[in-house]
Amino acid sequence: RVFFVELKTDAASRRESQDEYLQAAEGLGFRAIVEGVRAIALASTSYQKYYHLLTELAELGFLSLPSDLESLVFPRPQRGVRKRLEQIEVADRDAPIEVIYVQPKSLSGERCIDFEAVASFVERHDDPFSRAFAKSLRRWTIEAGSEPPG
């Protein structure tokens, strides 16, 4: 199973059209998404940026990369990189997609994790960053602009 996590810092920023895109992705299955990523990588000239994503997908077994692709992408894209990108093979496997929302407050009937739950998990770590992040998450549960800054 593949989880698509939609982070919303303001519950009011949820848009029906965005939710529809995510629901459509759920219906496609992950193999179709991986094929789309491959197509975008082929159409782009940002080879280095997409190489990172392609490598992660390959490590998870969703596609296979030509063995010399990295040497054609780094330190600068070399001649022939596009031809190698065309050789990327999407694996003949699929995974269901499940959409989860992380937002200030949970909404009933949705797979949703609220900021309080995330803060409770994060504060298990006793370091300054985790404590500050948990504190901020709890502050962010208050509707944006509803009180003075502070």
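None of the values given here were measured: they were computed from a predicted structure.

What is the right way to look at the sheet that holds strand β1 (residues 2-7) in this model?
Backbone hydrogen bonds hold the strands of a sheet together, and the pairing may be parallel or antiparallel. One open sheet holds the three strands; their spatial order is β1-β4-β5, and the pairing between them is parallel. Two strands bound the open sheet, and with one partner strand each, they are β1 and β5 (112-114). Pairwise comparison of adjacent strand axes, ignoring direction, gives a mean angle of 25° for this sheet. In this sheet, strand β4 (residues 97-103) lies alongside β1 in parallel orientation, the contact comprising six bridges. The residue bridging F4 from the neighbouring strand is V99, located in β4.

Got a minute to help me understand empty space enclosed by the protein in this structure?
Counted according to the given criterion, the structure contains one cavity of 30 Å³ or more. Reported here for the largest cavity is a volume of approximately 40 Å³. In terms of lining residues, the largest cavity is bounded by A41, Y47, Y50, Y51, L54, L69, V73 and L85. Elements supplying a minimum of two residues to the lining of the largest cavity: α3 (47-59) and α4 (69-73). It is α3 that provides the largest number of residues to the lining of the largest cavity, a total of four residues. Among the residues making up the lining of the largest cavity, the classes are represented as eight nonpolar, no polar and no charged.

Before we go on, may I ask you to explain the pattern of salt bridges in this structure?
Close approach of charged atoms allows side chains with opposite charge to pair. The tally for this structure, following the rule as stated, stands at eight salt bridges. E98 is paired through a salt bridge with R1; the nearest N and O atoms lie 2.6 Å apart. With E98 in strand β4 and R1 in the segment before β1, this pair connects stretches of sequence that are 97 residues apart. When its relative accessible area of 11% is taken as the criterion, E98 is described as buried. For R1, a relative accessible area of 64% corresponds to the exposed category. Close ionic contact of R138 with E116 constitutes a salt bridge, the shortest N to O distance being 2.9 Å.

Reading the values: rules and limits
Residues numbered from 1 in each chain as written. Predicted model: local features only at pLDDT ≥ 70, side-chain atom pairs only at ≥ 80, totals over all residues. Heavy atoms only, no water. Pairing = 2+ DSSP bridges. Helix = DSSP H or I, 4+ residues; strand = E, 2+ residues; numbered from the N terminus. Axes fitted to C-alpha atoms, helices over the stretch in contact; angles between N-to-C directions. 1 Å grid on protein atoms, 1.4 Å probe; cavity = no way out; pocket = protein on both sides within 12 Å on 5 of 7 lines; lining within 4 Å. Points joined across faces, edges and corners; volume = space filled by probe spheres on them. Nonpolar A, V, L, I, M, F, W, Y, C, P; charged D, E, K, R; others polar. Salt bridge = Lys/Arg side-chain N within 4 Å of Asp/Glu carboxyl O. Buried < 20%, exposed > 50% of the residue type's maximum accessible area, 1.4 Å probe, protein only.

Keep in mind these values describe shape, not function.
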